[in-house]
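Each chain, written out:
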Amino acid sequence: MAIFQDVANAVIGGDIERVKGLIKDLLDSGKDPLEIIDQGLIAGMDEVGVRFKAGEMFVPEVLMCAKTMAEGMSLIRPHLEGKDVKTHGTLLIGTVKSDLHDIGKNLVAMMVESAGFAVINLGTDVSPEAFVKAIQEHKPDILGMSALLTTTLPFMKETIEAIKEAGLRETVKIIVGGAPVTEEYARQIGADGYAPDAGSAAELCKKLVG
Ligand code: B1M
C-alpha cells in the first residue's frame, strides 16, 4: 500500500512514473487529494529545497523534481474539480517579473479553481506592464501575485504602483504569496491580502469576493 512518504521520496528522486503510480494507488484507495498534495508532493519538494540549499542537489535535478511534482498535480487536479460551483468570480494570477518559480503559483491556481473561481494563469516572469494589460483585458475580480525570490519581491510593489497609475486599483482585489512574502510585507505594499499556502489562498479569495 502506497504511503505519502513514498510519494515524497519519488518527488525527491524525480521519478515521474513512480509518482504517477503511487498517486493513482492512493486515489484509488480513497485518500484525500489534499493530503496527497500536502504530505506527499509538497513534503517532497520541501526536502528538495533543503538539499538544494545545502548544495546536495543542482538545478537540473531540481527541475526534474519540479516536473515530477507537476505531473503528480495534474493527476490530482480532476479529483479537486467540481467540489464547488464556479460562481465566485475570476482570479488572474502570475509569478512576478524575473521569477521563474511556478509550482506554488500553479498549486494556488488549482486550489482556487477547485474552490469555484475561474482562473486565468499568466505564467511566470510577468512584468508590471503585462499584469496591467491583462487586468484591462480580462477584468478579473482578484489579481494574485507569486514571488519566490527575495530579489523579485520588489516587483510586487512595482506592479501595484503600475496598477494604481493605470487607474485600475479600485477595480480589483490584490492578493500576494510565496515563500519570502509576509503578512506585514503585503500590508506595506498595499495588497488586500496575503496567504501562506494554496488552501488559505482559496479561502482568502472567497472572503474577498465570495
Ligand atoms: Co529556486 N530558489 N532558484 N528554483 N527553488 C528557491 C525559492 C530557494 C529558497 C532555494 C534555496 O536556496 N533554499 C532560493 C531563493 C532564495 C531567496 O531568494 N530567498 C532559490 C534560488 C536562489 C533560485 C535561483 C536563483 C538559483 C540559481 O540559479 N542560482 C534560480 C532563480 C531562477 C529565477 O526564478 N529567475 C532558481 C531556480 C529554480 C528552478 C528553476 C531550478 C526551480 C523552479 C522550477 C519551477 O518552479 N518550475 C527551483 C525550485 C524548484 C526551488 C525550490 C527548491 C522549491 C520551490 C517550490 O516549488 N516549492 C525552492 C526552495 C523551497 O522553497 N523550499 C527554491 C514547492 C511549492 C509548493 O511551494 O512555491 O513556496 P511554494 O508555494 C507555496 C507557498 O509559498 C504559497 O502557496 C504554495 C503552496 O502551498 N504561495 C502562494 C506561492 N505563491 C502564492 C501566491 C499566493 C498565495 C500563496 O497568492 C497569489
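Per an unreviewed UniProt entry, the chain is named Dimethylamine corrinoid protein 1, and its organism is Thermacetogenium phaeum. Taken directly from UniProt, the Sequence similarities (unreviewed entry) text for the chain runs: "Belongs to the methylamine corrinoid protein family."

A. Fine view of the pattern of salt bridges. Counted under the stated rule, the structure contains eight salt bridges. With a shortest N-O distance of 2.9 Å, D192 and R169 are connected by a salt bridge. Taken together, the positions of D192 in the loop between α8 (183-188) and β5 (193-194) and R169 in the loop between α7 (154-165) and β4 (173-177) put the pair 23 residues apart, joining distant regions of the chain. D192 gets classed as partly exposed once you look at its relative accessible area, which sits at 34%. Salt bridges linked by common partners bring K20, K67 and E71 together as one network.

B. How the structure looks around the coordination of the cobalt atom of the ligand. Only one protein atom coordinates the cobalt atom of the ligand: H101 (NE2), located 2.2 Å from the metal. Tracing the chain through its elements places H101 in the loop between β1 (89-95) and α5 (103-114).

C. Looking closely at the domain arrangement of the chain. The domain architecture assigned to the chain consists of domain 1 (1-79) and domain 2 (89-209). Once you take the C-alpha centre of each, domain 1 and domain 2 turn out to be 25 Å apart. With eight residues of domain 1 at the interface, the matching set in domain 2 holds six residues. When the buried area of domain 1 at its contact with domain 2 is split by residue, I37, M73 and R77 rank highest and sum to 61% of it. At the junction of domain 1 with domain 2, the criterion picks out one salt bridge. Among the ionic pairs, R77 bridges to E113, the shortest N-O distance being 3.3 Å.

D. Broad picture of the site of the ligand. Neighbouring the ligand are 32 residues, the closest being L100, H101, D102, S146 and T150. Here a nitrogen atom of the ligand sits 3.0 Å away from a polar atom, N or O, in the main chain of S98. Of all elements in the fold, only α3 (33-53), α4 (59-80), α5, β3 (142-146) and β4 reach the threshold of two or more residues within the shell around the ligand. The class makeup of the residues in the shell around the ligand is 19 nonpolar, nine polar and four charged. Split by domain, the shell around the ligand shows at least three residues from each of two domains, domain 1 (1-79) and domain 2 (89-209).

Rules of the game
- Residues numbered from 1 in each chain as written.
- Predicted model: local features only at pLDDT ≥ 70, side-chain atom pairs only at ≥ 80, totals over all residues.
- Heavy atoms only, no water.
- UniProt positions renumbered as here; feature names shortened; annotations may be inferred.
- Salt bridge = Lys/Arg side-chain N within 4 Å of Asp/Glu carboxyl O.
- Helix = DSSP H or I, 4+ residues; strand = E, 2+ residues; numbered from the N terminus.
- Buried < 20%, exposed > 50% of the residue type's maximum accessible area, 1.4 Å probe, protein only.
- Donors = N, O, S within 2.8 Å, 3.2 Å for Na, K, Ca; no water.
- Domains from an automatic or database assignment.
- Contact = heavy atoms within 4.5 Å.
- Buried area = accessible area lost by both parts, 1.4 Å probe.
- Near = heavy atom within 4 Å.
- Polar contact = N/O pair within 3.5 Å; in protein donor to acceptor, adjacent residues only side chain to side chain.
- Nonpolar A, V, L, I, M, F, W, Y, C, P; charged D, E, K, R; others polar.

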